[in-house]
Amino acid sequence: MALPPPDPQFVLRGTGAAVHTLRFSCGGPEPDIPLLFSGSENGFIHVWNLKTHRVDTALDGHGRKSVYCVETMGGKDRLLSQGRDQRICLWDLAEGRTSVTDSVFTEHVGFCRCSLLKVAQGRWLMAMAARSLEEVQILELPSKTSVCTLKPEVGAKLGMPMCLKLWQLNCDSQPVLLAGYEDGSVVLWNVSMGKPLSQLICHQEPVMSLDFDAEKAKGISGSSEKVLSIWSLNEQQNLQVCKTHRLVNAGISDITIRPDKKILATAGWDHRIRIFGWKKLKPLAVLDYHTATVHCVSFSDHSNPRERLLAAGSKDQRISVWSIYAQT
Amino acid sequence: VSFIPGGLDCSISFVSHVLGKVCVHGRQKEILGVLVPHLTDLTKSDCIWQRICWRLVECVPDRWMEAVVLGFVQGAPRADVLSRLLGNLVVKNKKAQFVVTQKMLLLQYGHTTAVLQNLLGYLSLDSLRRTLLLRVLQELLETWSSSSAVKHSPAEQQLYISKAILICLSHLKEPEIESCRQELLTSMMEGVKCHLDSSLPQLRRLGMVVAESISLKINTEGPVLKFEYEEDDETRELKSLLVQSPSFCAVPSLPDDNRSEKADAALPLVPESNEKLHTAAPVMPDEELDAELDSDDDLTPYDMSEDKELKIKAPVYIRDCIEVLTGSRSEDMDKWEATVKALESLVRKNPAATREVSVELAKILLHLEEKTCIEGFVELRQRAQVAVLTTDPIPVAKYLTSQFYSLNYSLRQRMDILDVLVLAAQELSCPKFHGKTNHSGAQKPCIQLLPGSDSSKDWRRIVDERIKNKTRRFDMGRSRVELASRPNEFNSVAGHFFFPLIQHFDRPLTTFDLLGEDHLVLGRLVHTLAVLMYLAVNTVAVTAMGKALLEFVWALRFHTDSYVRQGLLSCVSSLLLSVPTERILADMTEELLEAQSWLGDVMEKDPDGDCRRLALQNLLLMENLKKKLEAVPS
């Protein structure tokens, strides 16, 4: 007899607008307070204190335009945020400061979240959708120099890039980019040469979100239809579909794989969060708490496995935080 | 003929005379039936026989040339045979040229497709004659693109000309197309406009097929013109004419077979957009399963039985539906969709509640536009409108008929009003249609009402049925299940449906002029009136309706659009069938006598075949009436 799904451990209220993005920062040693960053539709980035369950600081840097991506850059003192005001802001939050140190004007009017990859101490690569409709630009941070622009060939008709993921197998290998496009295909790009390595049509509808497990060379993508697609990368750098999973209701806004690669969570348009086992995509749980579309899910980076949390932000302006499968 | 001595110069003009005389007296088939096969064989390889044959036809005197040429063209099995037999007769002889290029193509239209193929193939086979082919094509296109020809010539002639154009196109070579590309383009544009303006769906389709074919020929690369229309045998046959099969094949099979095989391969292909592959691409076998220890086993799943499909609930009350449909909140698209789907059944289940808000609901439905992409939106809206109209007929009919003549409605909306009125009238008048609006399968003959109103086709059947119903049967027993009888609900409202529609037809508004440009709507209006008249049988108002309808028909009887004329004739049929005989004779005798002479005229002189047929049926009905009267002792 299966247990009923658990309730959230706690719920954070007070953003005042739909929550579009979440990022944990709990890796620091004591006495650092575990934090959760959330970006909302009213342009604010809230820094939640996970001990008191209250907002510590509210950052206003995007002119009240929706913030749809928030990333930490090695710790909780440096933050990157992307908003609908076509800017990416870099924040300095050390010692109580709340200032924008730098910003990049992307001229991108879509919703494609940028992707960060740390390549060396103090140096990151950032992939973002650029001004031109189908292009992805790779910048180096903090210097903001352009590394390359990834342009699909003429007539490819991929549409806008919808989601990006930069990764490299280990510190010495070449960084590669996985990009999901509006026509339902996922393309693997070689960043240094600026050329596509492989293209796979995973969905009939735009790819809404994807995540990739570099160790197993396996990835998963979700779209606005009822299918989740799992694909893998073989030695010749070719993408192949491994399997597909049919969902009860259509529409996935976000997918994320837990850092220990054991489970993954999907945020659905049907207000539900689904948990699957990553090995075989076995459905494990359906968490039904929110009353509107769930926009984002994120796993925490606690060093102690038992404290691991899952957070989900929704259009109903609440952030639910769950402790699920933390014992394994 | 078979014993003409070879190797001597002899005069065959005597034979030509004989041939000409026989042909002109109408015996073409007999003599050419023997002559042509012989000549075909003889001229196959022998040049001398070919020249003899050419001399033979050239020497036929001009006054008989037409009959001979006609006979040859009809009798020859294939274009190349015709070429061998006639040679360059059309170039040398003026009369033959006239017959072949003008008379058979433009003035006559009764020949079969095979004959057309022979004729045009013949013209294309020799370089001297190809100039004639181009001239022929130009003249055909001129006729095809002239708006008066489209309006006034019979459908069969237009089909013939279209076929001829397509066959010509199939024979043209690249350099020739290059030289007349501009003219082809201009004629195509003009022609397509005239054809699309026509009210008859068959003519519209003809225009579309020919225009597509022309566009295909002149734009071999790049996007071609493509229309959306329903394929049927006629269009398929037309399209198959565009491809020529090699006529020199040894097996003398009919040209038609070759063409149809090639046609499947060569139907005009529009450059297609990239096909999306299906998600289920080759699935990689999952090999890692058995080998490793599956740590997923540690994770026990939770209970997921509550995970079901998300269903949006439609509102349960009519007033809630109104709120949702008029609401401006754009977020509730799911609710809007669910409301539209559920509306018809809600209206039928709650007649009392509907009657309170019927006019408002009708107004909302008339203006309802598709906000999201629902399947079958148009049908859902129409069914809801019919449900509202049948639940509360009088006020809603008043509203709809007044809106029909109001400003600022699109043609589509006005025609929707007519469709809804007819469907509702049908429902109200037929006892079997208890809440269902299916047309087919009913015992009473039904009239197809939606676009492409082919009500004219059913009239014969309707007349037969009526006659059958009125004959008394003895000792038949219970062969049919008796229909449950209900009071005829249409009785009280028939007038409300009918009279407002007929009132203002001659008053033009700034955006709507029934007697002017909007003759498509006029045609639909007339057909609607015919149906309403037919459904009004056994109602109290039927006589008044009949009189008004007859006046209406009389005023419009010389309308130029054949669709309208067909409608007017259907009106007369409905009238004769619905109004009881005694009333017809009491109130409408003079008008009907006048109508009789008009119908006789139509039957003989109207260019449209359907109109003639309908006029004939009306005259027959009138005859039946007279006979019935004479049979009943007064």
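Residues numbered from 1 in each chain as written. Chains lettered and ligands numbered in written order. Predicted model: local features only at pLDDT ≥ 70, side-chain atom pairs only at ≥ 80, totals over all residues. Heavy atoms only, no water.

Chain B carries the name Telomere length regulation protein TEL2 homolog in an unreviewed UniProt entry, which gives Erpornis zantholeuca as its organism. Per its UniProt entry, chain B bears the Sequence similarities (unreviewed entry) comment "Belongs to the TEL2 family." (UniProt positions renumbered as here; feature names shortened; annotations may be inferred.)

The name given to chain A in an unreviewed UniProt entry is GNB1L protein, with Erpornis zantholeuca as the source organism.

Here we look at the overall build of chain B
A tally of helices and strands in chain B yields 32 helices and zero strands. A buried classification covers 48% of the 634 residues belonging to chain B. Relative to all contacts within chain B whose residues are 6 or more apart in sequence, the contacts with residues 24 or more apart total 73%. Per element, the accessible surface of chain B, about 33300 Å² overall, is 55% carbon and sulfur. (Helix = DSSP H or I, 4+ residues; strand = E, 2+ residues; numbered from the N terminus. Buried < 20%, exposed > 50% of the residue type's maximum accessible area, 1.4 Å probe, protein only. Contact = heavy atoms within 4.5 Å. Areas by Shrake-Rupley, 256 points an atom, 1.4 Å probe, with all protein chains shown as cover.)

Observations regarding the overall build of chain A
For chain A, the count of helices and strands is zero helices and 28 strands. Here chain A holds 328 residues, and 57% of them are scored as buried. Taking the intrachain contacts of chain A between residues at least 6 apart in sequence as the baseline, contacts between residues at least 24 apart amount to 43%. Approximately 13500 Å² of chain A is accessible, and the part contributed by carbon and sulfur atoms is 49%.

Concerning the sheet that holds strand 4 (residues 44-49) of chain A
Residues and elements named next belong to chain A. The strand order across the open sheet formed by four strands is 2-3-4-5, and the pairing between neighbours is antiparallel. At either end of the open sheet lies a strand with only one pairing partner, and these are strand 2 (19-25) and strand 5 (54-60). The mean inter-strand angle of the sheet, taken between neighbouring strand axes irrespective of direction, is 20 degrees. (Pairing = 2+ DSSP bridges. Axes fitted to C-alpha atoms, helices over the stretch in contact; angles between N-to-C directions.)

Brief notes about the sheet that holds strand 13 (residues 145-150) of chain A
Residues and elements named next belong to chain A. Judged by pairing direction, the sheet is antiparallel, and its four strands sit side by side in the order 10-11-12-13 without closing on themselves. Looking at the sheet topology across the chains shown, the edges are occupied by strand 10 (115-120) and strand 13. With direction set aside, neighbouring strand axes in the sheet form an average angle of 20 degrees. For strand 11 (residues 123-129) and strand 12 (residues 136-141), the ladder comprises six bridges, and the chain directions are antiparallel.

A short note on the nonpolar core
Within soluble globular proteins, side chains that are nonpolar tend to cluster in buried spots. Residues and elements named next belong to chain B. Phe 490, Phe 497 and Leu 549 are the most contacted members of the largest nonpolar core, which totals 93 residues. Residue contributions to this core peak at eleven residues, all from helix 27 (residues 519-535). Counting only domains with at least three residues in this core, you end up with domain 3 (312-391) and domain 4 (399-431 + 488-633). Beyond its immediate stretch of four places on either side in the chain, Phe 490 contacts Ala 425, Leu 428, Ser 429, Phe 497, Leu 532, Leu 535, Ala 536 and Thr 539. One finds Leu 32, Val 57, Leu 82 and Leu 140 within the second-largest nonpolar core, a separate group that totals 75 residues. (Core = buried A, V, L, I, M, F, W, Y, C linked by side-chain atoms within 4.5 Å. Domains from an automatic or database assignment.)

Some thoughts on the confidence of the model for chain B
Residue and element names in this part refer to chain B. Confidence in the prediction of chain B, expressed as mean pLDDT, is 75, and 79% of residues score 70 or more. Confidence over residues 247-294 falls short of pLDDT 50; this stretch has 53 contacts with residues more than four positions distant or in other chains. Low confidence marks residues 433-457, where pLDDT is under 50. Its contacts with residues over four positions away, or in another chain, come to 54 contacts. Complex prediction metrics read pTM 0.59 and ipTM 0.72. (pLDDT = per-residue confidence, 0-100.)

Let's talk about the packing of helix 27 of chain B against helix 29 (residues 562-578) of chain B
All names here are of chain B. Packing of helix 27 against helix 29 leaves a shortest axis separation of 8 Å and a crossing angle of 10 degrees. Taken together, the axes of helix 27 and helix 29 are roughly parallel relative to one another. Of the residues in helix 29, those touching helix 27 at His 519, Leu 520, Leu 522, Gly 523, Arg 524, Val 526, His 527, Leu 529, Ala 530, Met 533 and Tyr 534 are Tyr 563, Val 564, Gln 566, Gly 567, Leu 568, Ser 570, Cys 571, Ser 574, Leu 575 and Ser 578. Of the residues belonging to the contact of helix 27 with helix 29, the class tally is twelve nonpolar, eight polar and one charged. (Parallel < 35°, antiparallel > 145°, perpendicular 65-115°, else oblique. Nonpolar A, V, L, I, M, F, W, Y, C, P; charged D, E, K, R; others polar.)

So, the side chain of Thr 113 of chain B
Residues and elements named next belong to chain B. Within the secondary structure, Thr 113 sits in helix 8 (residues 113-124). On the basis of relative accessible area, Thr 113 is assigned to the buried category, the value being 12%. A polar contact is formed between the side chain of Thr 113 and the side chain of Lys 163, at a distance of 3.1 Å. (Polar contact = N/O pair within 3.5 Å; in protein donor to acceptor, adjacent residues only side chain to side chain.)

Here we look at the pairing of strand 22 (residues 252-257) of chain A
On a regular strand, each side chain points to the face opposite its neighbour's, so the side chains alternate between the two faces of the sheet. All names here are of chain A. For strand 22, a buried count of six out of six residues is recorded, marking the element as mostly surrounded by other parts of the structure. Direction of pairing for strand 22 relative to strand 23 (residues 263-268): antiparallel, over a ladder of five bridges. Paired with Asp 254 across the two strands is Ala 267, which belongs to strand 23. Taking the residues between adjacent antiparallel strands as the criterion, strand 22 and strand 23 are bridged by five residues, where Lys 261 takes a positive phi near 60 degrees.

Structural notes on the packing of aromatic side chains
Using the criterion set out here, one finds nine aromatic pairs over all chains in the structure. Seen from their ring centres, Tyr 68 of chain A and Phe 111 of chain A are 6.2 Å apart, and the 55 degrees between their planes marks the pair as tilted. On the criterion of sequence distance, the pair formed by Tyr 68 of chain A in strand 6 (residues 67-72) and Phe 111 of chain A in the loop between strand 9 (99-105) and strand 10 is long-range, its members being 43 residues apart. Ring geometry for Phe 404 of chain B versus Tyr 405 of chain B: centroids 4.9 Å apart, planes at 80 degrees, classification edge-to-face. A relative accessible area of 0% means that Phe 404 of chain B is categorised as buried. Among the aromatic residues, those joined into a cluster by ring pairs are Trp 167, Phe 212 and Trp 231 of chain A. It is Arg 84 of chain A that lies over the ring of Phe 111 of chain A; its NZ or CZ is 4.2 Å from the centre. (Phe/Tyr/Trp six-rings, centres within 6.5 Å; stacked < 30°, edge-to-face > 60°. Lys NZ or Arg CZ within 6 Å of the ring centre and 35° of its normal.)

Re the pairing of strand 7 (residues 78-83) of chain A
All names here are of chain A. In terms of burial, strand 7 is a largely internal element, five of the six residues being buried. Judged from the five bridges that link them, strand 6 and strand 7 form a sheet pairing that is antiparallel. From the neighbouring strand, Thr 72 faces strand 7, where its bridge partner is Leu 79. Count of turn residues in the strand 6/strand 7 antiparallel hairpin: five residues, of which Gly 74 carries a positive phi of about 65 degrees. Linkage of strand 7 to strand 8 (residues 87-92), two consecutive antiparallel strands, is achieved through a turn of three residues, within which Gln 86 is found at a positive phi near 65 degrees.

Considering unusual backbone geometry
Residues and elements named next belong to chain A. Of note, the amide linkage connecting Leu 141 to Pro 142 takes the cis form, showing an omega dihedral of 0 degrees. Assignment of secondary structure puts Pro 142 in the loop between strand 12 and strand 13. Unlike most non-glycine residues, His 53 shows phi in positive territory, near 60 degrees. Relative to the assigned elements, His 53 resides in the loop between strand 4 and strand 5. Residue classification places His 53 among the partly exposed positions, given a relative accessible area of 33%. The backbone phi angle of Lys 261 is positive, close to 60 degrees, even though this residue is not glycine.

Things to note about helix 19 (residues 333-349) of chain B
Residue and element names in this part refer to chain B. Taking 1.5 Å of rise per residue, 17 residues should cover 24 Å, and helix 19 covers 24 Å from first to last C-alpha, within 8% of that figure. Where helix 19 bends most, the angle comes to about 45 degrees, and this point is Ala 342. For helix 19, the elements touching its buried residues are helix 18 (318-326), helix 20 (351-356), helix 21 (358-367) and helix 22 (377-391). (Expected span 1.5 Å × (residues − 1). Bend = angle between axes of the 7 residues up to and from the residue.)

Digging into a negative patch on the surface
Residues and elements named next belong to chain B. On the surface, Glu 551, Glu 590, Glu 591 and Glu 594 cluster together into a negatively charged patch. Residue contributions to the negative patch peak at three residues, all from helix 31 (residues 589-605). Within the secondary structure layout, Glu 594 lies in helix 31. (Patch = residues over 30% accessible without salt bridge, like charges linked within 9 Å, V, L, I, M, F, W, Y side chains within 5 Å. Salt bridge = Lys/Arg side-chain N within 4 Å of Asp/Glu carboxyl O. Lys, Arg positive; Asp, Glu negative; His and termini not counted. Charge placed at Lys NZ, Arg CZ, Asp CG, Glu CD.)

Regarding helix 23 (residues 393-404) of chain B
Residue and element names in this part refer to chain B. With twelve residues, helix 23 ought to run about 16 Å at 1.5 Å a step, and its terminal C-alpha atoms sit 16 Å apart, in line with that. The set of residues buried in helix 23 consists of Pro 393, Val 396, Ala 397, Tyr 399, Leu 400, Thr 401, Gln 403 and Phe 404. Residues of helix 23 that are buried in the fold lie against helix 21, helix 22, helix 24 (411-429), helix 26 (490-503) and helix 27.

Thoughts on the pattern of salt bridges
Residue and element names in this part refer to chain B. Throughout the structure, instances matching the rule amount to 38 salt bridges over all chains. Residues Lys 163 and Glu 237 are paired through a salt bridge, measuring 3.7 Å at the closest nitrogen-oxygen approach. Here Lys 163 is found in helix 11 (residues 155-171), whereas its partner Glu 237 is found in helix 15 (residues 233-240), with 74 residues between them in sequence. Given the relative accessible area of 13%, Lys 163 is considered buried.

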